[in-house]
Amino acid sequence: MRLLLLQYKSVSKEWGFTIVAYRFYQTKKREKENVGMKLNIAAISLLLLLASVAEVSGDTYFDVTKYGAQADGKTDISQALLTAWEAACASPIASRVVIPAGIYALGQVTIEGPCKAPINLIVKGTVRAPVDTSRFKPQAGWVAFQHLDQFTLSGYGVFDGQGQSVWGQKCSRSKYCHQLPINLRFNFLTNSIIKDITSKDSKQFHVNVLGCRNITFFQVTITAPEDSQNTDGIHIGRSRGVNITHSTIQTGDDCVSIGDGSEQIDIMKVNCGPGHGISVGSLGLYKNEAPVIGIRVKNCTLSDTTNGVRVKTWPSSPQGTATEMHFHDIVMNNVSNPIIIDQEYCPHNQCNLQVPSRVKLSNISFKNIRGTTSTELAVNLVCSKGAPCQKVELGNIDLKYTGPEGTASSQCKNVEATLWGTQQPKTCAQAA
């Protein structure tokens, strides 16, 4: 143990190397074992401990209040934050940018690299977004972090999107809703950690991850009312090596949604609900979507969500693939539609259901899923008649219907599943 602590200290200033080494180890371990379901807790603990040590031992310190920021909840601190960031980004040694305790107004900002050394942005206070949506450039997000390596966002602070003013009938129009700002955008980050941060009441998605490599979300809290529309917790696209762990997501849409081009995504020990569950997709809406490979959802709890774990693709879609998707050791508490494969996904009934989805789904497993369902149809596997699902496995499924009458049931279309262990409800061939 003493030797290990000495090692921690000796590498605390080699933060980036440590992350890269950890990710290399994790990737090689998966390849060697060919299992891909074991997130290495010891390695993540070491990674986070090193991040904490780096926070304490950082050599340069930039406090935004020294650059004019005021914690009065009214004065826009955008320029103060960007000036502090520019100074930190130019530093040749690891640095910290700090937003101290208090309430701050923050306009739309882009925090950008590349920088010369690792940076930790420590948010201790609450930053609030403008209520007036005219102050945002469309689809640019409220706070965007991009082109950064060895970056940490931490500090137990709150990013308050103040989205209450745009939810409701206005946001029911899809085009308008998609132009609203996302609370936090992470674009093209590598070897980075977001931890101990809260995203509150975003106007649209809370977090969007695009083009990232090796990024971890640890002890993140996301919160918005159940009736807040299009407020996905964390959306991932075109990224590889994303870990979401020990986090709580309560929102009005998917807790986690996974788009095309996502590879090696680990979601573990996440409490989800209310919301729409944890989803892969929807896939197949656009041409040339990149494959989805290696999704692992494990040891999660879903409570009072409108869906559980699901994979969804559009009918009449271009060709695509999604493979190696595994949902294991999950507790469902009063969840509607706990287990879903839906290749006839059509939320606004404007699809050609006569033309099947051409997104090929394969190597999917649902194991050790237990709890209660608020709808009778607990297992619903609707695959494409044009590209039936292959290598689907269900084992130890135990879901009890909580309604006043009836029992849990299943539906299976265009799928041949391998079944073992408990099957409640009876599934696929067993249901005949």
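Details of the structure are given in the entry above.
Structural notes, computed from the coordinates. These numbers were taken from a predicted model, which means no experiment stands behind them.

1. Focus: the pattern of salt bridges
Part 1 of the reasoning: Across all of its chains, the model carries 10 salt bridges by this definition.
Part 2 of the reasoning: Residue R135 pairs with D76 through a salt bridge whose shortest N-O separation is 3.7 Å. With R135 in the loop between strand 6 (126-128) and strand 7 (143-146) and D76 in the loop between strand 1 (60-63) and helix 4 (78-89), this pair connects stretches of sequence that are 59 residues apart.
Part 3 of the reasoning: Residue class for D76 comes out partly exposed when judged on its relative accessible area of 37%.

2. Overview of the sheet that holds strand 20 (residues 278-283)
Part 1 of the reasoning: Across the sheet, 11 strands lie side by side as 4-7-10-13-16-18-20-23-25-27-29; this open sheet has parallel pairing. Every other strand in the sheet has two partners, leaving strand 4 (109-112) and strand 29 (409-413) as the edge strands with one partner each. Direction aside, the axes of adjacent strands within the sheet are offset by 15 degrees on average.
Part 2 of the reasoning: For strand 23 (residues 309-313) and strand 25 (residues 339-342), the ladder comprises four bridges, and the chain directions are parallel. Its bridge partner lying in strand 25, K312 is registered against D342.

3. Some points on unusual backbone geometry
Part 1 of the reasoning: In this structure, P114 follows G113 across a cis peptide bond, with omega equal to 5 degrees.
Part 2 of the reasoning: Positionally, P114 belongs in the loop between strand 4 and strand 5 (119-123).
Part 3 of the reasoning: Omega for the peptide link from G281 to S282 comes to 15 degrees, which places this bond in the cis form.
Part 4 of the reasoning: Inspection of the secondary structure puts S282 in strand 20.

4. Here we look at the packing of aromatic side chains
Part 1 of the reasoning: For the structure shown, the criterion picks out seven aromatic pairs.
Part 2 of the reasoning: On the basis of an interplanar angle of 10 degrees and a centroid distance of 5.2 Å, the ring pair of F327 and F366 is categorised as stacked. You can see F327 sitting in strand 24 (residues 320-335) and its partner F366 sitting in strand 26 (residues 359-373), a full 39 residues away along the chain. Just as F327 is buried, F366 falls in that class too.
Part 3 of the reasoning: Pairwise contacts between aromatic rings join W85, F145, F151, F186 and F217 into one cluster.

5. Points about the pairing of strand 24
Part 1 of the reasoning: Here strand 21 (residues 292-298) runs beside strand 24; their pairing, made up of six bridges, is parallel. Directly across from I295, in strand 24, lies its bridge partner M325.
Part 2 of the reasoning: Across 12 bridges, the pairing between strand 24 and strand 26 is parallel. Counterpart to H328 in the pairing with strand 26 is K367.

6. A word on empty space enclosed by the protein
A water-sized probe rolled over the atoms picks out the places where empty space is left.
Part 1 of the reasoning: Overall, the coordinates contain seven cavities of 30 Å³ or more when judged by the stated rule.
Part 2 of the reasoning: The calculated volume of the second largest cavity comes to roughly 60 Å³.
Part 3 of the reasoning: Around the second largest cavity, the lining residues are D260, L283, G284, Y286, E289, A290, V292, P318, Q319, G320, T321 and V359.

7. Quick look at the state of the cysteines
Part 1 of the reasoning: Using the criterion set out here, one finds five disulfides in the structure.
Part 2 of the reasoning: Across the disulfide from C89 sits C115; the S-S distance is 2.0 Å. Since a negative S-S torsion denotes a left-handed disulfide, the C89-C115 link at about -100 degrees is left-handed. Of the two residues, C89 sits in helix 4 while C115 sits in the loop between strand 4 and strand 5, which places them 26 residues apart along the sequence.
Part 3 of the reasoning: On the basis of relative accessibility, which here comes to 13%, the residue C89 falls in the buried class.
Part 4 of the reasoning: Between the sulfur atoms of C255 and its disulfide mate C272 the distance is 2.1 Å. Taking the sign of the S-S torsion, about 85 degrees here, the bridge from C255 to C272 comes out right-handed.

Conventions adopted
Throughout this document, residue positions are counted from 1 along each chain, in the order its sequence is written. Reporting of local features is limited, given that this is a predicted model, to residues whose pLDDT is at least 70; pairs of side-chain atoms are given and counted only at 80 or more, and all residues count toward the totals for whole chains, interfaces and linings. Just so you know, side-chain values use all the structure's heavy atoms and leave hydrogens and water out. By salt bridge we mean one thing: a side-chain nitrogen of Lys or Arg within 4 Å of a carboxyl oxygen of Asp or Glu. For helices the rule is a DSSP run of H or I covering at least 4 residues; for strands it is a run of E covering at least 2, with both sets numbered from the N terminus onward. For the exposure calls, accessible area comes from a 1.4 Å probe over protein chains only, and a residue counts as buried if that area is under 20% of its type's maximum, exposed if over 50%, partly exposed in between. Here, strands pair whenever DSSP counts at least two bridges between them. Only C-alpha atoms enter the line fits that serve as axes; for helices the fit covers just the stretch in contact. Angles between N-to-C directions range over 0 to 180 degrees. Centres within 6.5 Å are what make two rings of Phe, Tyr or Trp a pair, Trp counting through its six-membered ring; a difference in plane orientation under 30 degrees is then read as stacked, over 60 as edge-to-face, and the rest as tilted. With a 1 Å grid laid over protein atoms only, a set of points is called a cavity when a 1.4 Å probe fits there but cannot get out and a pocket when it is open yet has protein on both sides within 12 Å along at least five of seven lines; lining residues have an atom within 4 Å of a point. Grid points are joined across faces, edges and corners, and a volume is the space filled by probe spheres set on the points. Throughout, a disulfide means two cysteine sulfur atoms within 2.5 Å of one another.

Remember, this is a structural readout, not a statement about activity or role.
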